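Residue-level listing of the chains:
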Amino acid sequence: VQLVESGGGLVQAGGSLRLSCASSGRTFSFYAMGWFRQAPGKVREFVAAINGRGDSTYYANSVKGRFTISRDNAADTVTLQMNSLKPEDTAVYYCAARPREIATPIYEYDYWGQGTQVTVSS
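Residues numbered from 1 in each chain as written. Predicted model: local features only at pLDDT ≥ 70, side-chain atom pairs only at ≥ 80, totals over all residues. Heavy atoms only, no water.

K.L.:
Help me understand the overall build of the chain, please; the structure alone is not making it clear to me.
P.N.:
Check the secondary structure of the chain and you find 0 helices and 11 strands. Along the chain, from the amino end to the carboxyl end, the secondary structure elements read β-β-β-β-β-β-β-β-β-β-β. Scaling as 2.2 N^0.38, a compact globule of 122 residues should have a C-alpha radius of gyration of about 14 Å, and the chain matches this with 13 Å. A principal-axis box enclosing the C-alpha atoms of the chain has dimensions of 40 × 25 × 25 Å. Per-residue burial over the chain gives 43% buried out of 122 residues. Across the chain, the fraction of contacts at a sequence separation of at least 24, relative to all contacts at a separation of at least 6, is 59%. (Helix = DSSP H or I, 4+ residues; strand = E, 2+ residues; numbered from the N terminus. Rg over C-alpha atoms; globule rule 2.2 N^0.38 Å. Buried < 20%, exposed > 50% of the residue type's maximum accessible area, 1.4 Å probe, protein only. Contact = heavy atoms within 4.5 Å.)

Encoded structure:
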C-alpha cells in the first residue's frame, strides 16, 4: 500500500484546511485508515481513524468536534477536514493504514505516507 498526503499549508487560527490521502496498491476498503501528527520536538500522536466501510470513526479528544475524517472507497482516498484550527494543531500530518478495524496506537499501523505540513498562525 502506497499512501500520499496532500492539502497541507499555512492558515490563520480559526481557519480550515482539508487534507487528503490517496492510496494505491491494495484493496482500499480492506484497510482502516488513520491520521496522525507530529509537532516539532514531540512524539507522533493519534488524531483520527475510520474503518474500512466508513461507518465507524474515532477521534482524539483534542480534535473532537473540530476535525472530521471520511473516506471514498471508490476513489481510494481518505480525507481529514480540519476546522477551527489552533496554533497547537501545527504539525506534520501523516495518514496510515492497517488491515481491518480502527486502532489508535502508532505501532498498529503498517503503512505510512510521507506527511504534509500544517502550520497554524496565531
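Next, the rest of the story.
K.L.:
When you look at the pairing of strand E1 (residues 2–6) in this model, what are you seeing that I'm missing?
P.N.:
Sheet faces and side chains relate simply in a regular strand, where the side chains alternate between the two faces. The alternating pattern of E1 places Leu3 and Glu5 on a buried face, while none of Gln2, Val4 and Ser6, on the opposite face, is buried. As defined by bridge partners, E1 adjoins strand E3 (residues 17–24) across 5 bridges and the pair is classed as antiparallel. The residue of E3 that forms the bridge with Glu5 is Cys21. (Pairing = 2+ DSSP bridges.)

K.L.:
Before we go on, may I ask you to explain the state of the cysteines in this structure?
P.N.:
Joining two cysteines, a disulfide is a covalent bond between their sulfur atoms. Scanning the model with the defined rule gives 1 disulfide in all. With its sulfur 1.9 Å from that of its partner, Cys21 forms a disulfide with Cys95. Residues Cys21 and Cys95 are joined through a disulfide that is right-handed, its torsion about the S-S bond being 45°. In this pair, Cys21 sits in strand E3 while Cys95 sits in strand E9 (residues 91–99), placing the two residues 74 residues apart along the sequence. On the basis of relative accessible area, Cys21 is assigned to the buried category, the value being 1%. Judged by its relative accessible area of 0%, Cys95 falls in the buried class. (Disulfide = S-S within 2.5 Å.)

K.L.:
Would you mind going over the environment of Cys95 with me for this structure?
P.N.:
Between the alpha carbons of Cys95 and Gly54 there is a distance of 15 Å; along the sequence they are 41 residues apart. When neighbours within four sequence positions are excluded, Cys95 is seen to be in contact with Leu3, Glu5, Cys21, Gly34, Trp35, Tyr111, Trp112 and Gly113.

K.L.:
Can you help me understand the packing of aromatic side chains in this one?
P.N.:
Aromatic ring pairs are described here by two measures, namely the spacing of the ring centres and the angle between the planes. One pass over the full model with this rule turns up 8 aromatic pairs. Centre to centre, the rings of Phe36 and Phe46 are 5.7 Å apart; their planes meet at 75°, and the pair counts as edge-to-face. Residue Phe36 is located in strand E4 (residues 31–38), and its partner Phe46 is located in strand E5 (residues 45–50); the two are separated by 10 residues in the primary sequence. Assessed through its relative accessible area of 0%, Phe36 is described here as buried. (Phe/Tyr/Trp six-rings, centres within 6.5 Å; stacked < 30°, edge-to-face > 60°.)

K.L.:
For this particular structure, what's the right way to read the sheet that holds strand E7 (residues 67–72)?
P.N.:
Strand pairing in a sheet relies on backbone hydrogen bonds, with the paired strands running either antiparallel or parallel. What the 4 strands build is an open sheet, ordered E1-E3-E8-E7; its pairing is antiparallel. If you trace the sheet from one side to the other, it starts and ends with E1 and E7, each paired once. The mean angle between the axes of side-by-side strands here comes to 15°, regardless of whether they run parallel or antiparallel. (Axes fitted to C-alpha atoms, helices over the stretch in contact; angles between N-to-C directions.)

K.L.:
Sorry, what's going on with the side chain of Thr79 here?
P.N.:
Structurally, Thr79 can be placed in strand E8 (residues 77–82). If near-sequence neighbours (up to four positions away) are discounted, Thr79 is found in contact with Arg18, Leu19, Ser20, Trp35, Thr68, Ile69 and Ser70.

K.L.:
I tried to follow the pattern of salt bridges on my own but got confused; where do I start?
P.N.:
Where charged atoms from two side chains of opposite charge come close, those side chains can pair. Scanning all chains against the criterion turns up 5 salt bridges. Arg37 is the partner of Glu45 in a salt bridge, and the nearest nitrogen-oxygen pair spans 2.7 Å. Residue Glu45 is classed as partly exposed on the basis of its relative accessible area of 36%. In this structure, the salt-bridge partner of Asp89 is Arg37, at a minimum N-O distance of 2.9 Å. A residue pair is termed long-range when its members are at least 10 positions apart, and Asp89 in the loop between E8 and E9 and Arg37 in strand E4 qualify at 52 residues. Each member of the pair Asp89 and Arg37 is classed as buried. Through salt bridges with shared partners, a single network forms among Arg37, Glu45, Arg66 and Asp89. (Salt bridge = Lys/Arg side-chain N within 4 Å of Asp/Glu carboxyl O.)

Treat this as a map of the structure, not an account of what it does.
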